[in-house]
Structure formats: C-alpha cells, structure tokens
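# Examining the three-dimensional arrangement
In case you want the letters, here they are:
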Amino acid sequence: MDTHATAIARGLVARSIGPGDVVGLWMARGLELLIAQLAIAKTGAAWLPFDADAPVDRIAVCLADASAKGLLTSQGFASKAAPAIAVEALVYQEIAIFGEEPFPIRARAARPPSNRPI
C-alpha cells in the first residue's frame, strides 16, 4: 500500500503539486481511495473529496472555487470528468512513478492562504 501511495505521490510532485495546493479526489470507496488520500498527504497538499455519485458540474464548480491543481481519479471517473472540468484529470494508475529512491520529505507544512482569516 505504501509503495503505491509513494508512486502516486511522485507522479503528483512531478506535476508540481505540493504543500499548500489542493487536489480534488473523486473515486469509488475502497482501498484505492485510501491509497490516493495517503499519496496526496505525502505531497503536503490537501485533498478535496467528492462522493462517487457527485454530479460532474458540481465537482467542476468546487474545483474552480478551491483553485485545485488537478483531480485525482480512476479511469472510469476520468472519462466522465474530462469534458466538464477545467483542471487535469489525473488517473492514479497512469501517473504513478515507481522507484527505489526514497520519497523526499516535504520541508514546508501546508498553510492557509494569507488572504483568508484563520
């Protein structure tokens, strides 16, 4: 499980996703969803979860409102999302980068944007 999460995290980092960023997460419940959550957490980014039954137009609005850098999803959901969302649909099986080298520890912690009250 950790090996797959690290591979997905590497794929996200390769797309310049890191601390302070938001990534949408739209997948069916199950082990893959938990692995995807762990992968996003490893990058230092935050995930914006969507229920598997969420309407695509609602997902598109939420992603835009959150200034999300992508939507991490499965192949089946990506085909539904592609025409409606403005961010890249990141299919977790396709972005995974497996390797032997240790995953870099994120140096910065995620912080709220400075223009929003805490």
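Going by the structure above, here's the rest.
Report on the accompanying structure. (Residues numbered from 1 in each chain as written. Predicted model: local features only at pLDDT ≥ 70, side-chain atom pairs only at ≥ 80, totals over all residues. Heavy atoms only, no water.)

## Remarks on a nonpolar patch on the surface
Stated formally: The patches reported here contain residues having more than 30% relative accessible area and no salt bridge. Joining distances are 9 Å for like charges and 5 Å for nonpolar side chains (Val, Leu, Ile, Met, Phe, Trp, Tyr). All accessibility values rest on the Shrake-Rupley procedure with a 1.4 Å probe; residue burial counts only the protein chains present in the view. Salt bridge, as used here: a side-chain nitrogen of Lys or Arg that lies within 4 Å of a carboxyl oxygen of Asp or Glu. Strands are runs of DSSP state E lasting at least 2 residues, helices are runs of H or I lasting at least 4, and numbering of each runs from the N terminus.
Together, M1, L31, L34 and L38 line one region of the surface with nonpolar side chains, adding up to about 370 Å² of accessible area. As for its position among the elements, M1 is in the segment before α1 (2-14).

## Overview of the side chain of D21
Our working rule: Exposure is judged per residue with a 1.4 Å probe applied to protein chains only, and the accessible area is read against the type maximum: over 50% gives exposed, under 20% gives buried, and values in between give partly exposed. Pairs of N or O atoms within 3.5 Å make up the polar contacts considered here, provided that, within protein, one atom can donate a hydrogen while the other can accept it, and that residues adjacent in sequence are counted only when both atoms are side-chain atoms. Residues count as neighbours in contact if any of their non-hydrogen atoms are within 4.5 Å of one another.
Topologically, D21 is positioned in the loop between α1 and β1 (22-26). On the basis of relative accessibility, which here comes to 19%, the residue D21 falls in the buried class. A polar side-chain atom of D21 sits 2.8 Å from the main-chain amide nitrogen of G18. For D21, the contacting residues outside a window of four places in its chain are S16, A45, A46 and K69.

## Comments concerning unusual backbone geometry
At S16, a position not held by glycine, the phi torsion is positive, near 60°. Within the fold, S16 resides in the loop between α1 and β1.

## Regarding the sheet that holds strand β2 (residues 46-50)
The cut-off we apply is this: At least two DSSP bridges between two strands are required for those strands to pair. As a rule, the C-alpha atoms of each element are fitted with a line to give its axis, helices using only the stretch in contact, and angles between N-to-C directions run from 0 to 180 degrees.
Ordered in space as β2-β1-β3-β4, the four strands form an open sheet in which the pairing is parallel. Among the strands making up the open sheet, the edge pair consists of β2 and β4 (89-91). Pairwise comparison of adjacent strand axes, ignoring direction, gives a mean angle of 30° for this sheet. Here β1 runs beside strand β3 (residues 71-73); their pairing, made up of three bridges, is parallel. Within the sheet, the bridge partner assigned to W26 lies in β3 and is T73.

## Considering the packing of α1 against helix α2 (residues 31-43)
Cut-off, in case you're wondering: Any angle from 65 to 115 degrees is called roughly perpendicular, while one under 35 is roughly parallel, one over 145 is roughly antiparallel, and all others are oblique. Helix crossings get a hand from a simple test, with the near helix turned counterclockwise from the far one by less than a right angle marking a left-handed crossing and a clockwise turn marking a right-handed one.
Interaxial distance between α1 and α2 falls to 8 Å at its minimum, and their mutual angle equals 50°. Here α1 is positioned oblique relative to α2, judged by the angle of their axes. Handedness of the α1/α2 crossing: right-handed. Side by side, α1 and α2 meet where D2, H4, A5, T6, I8, A9, L12 and V13 of the first sit next to I35, L38, A39, I40, K42 and T43 of the second.

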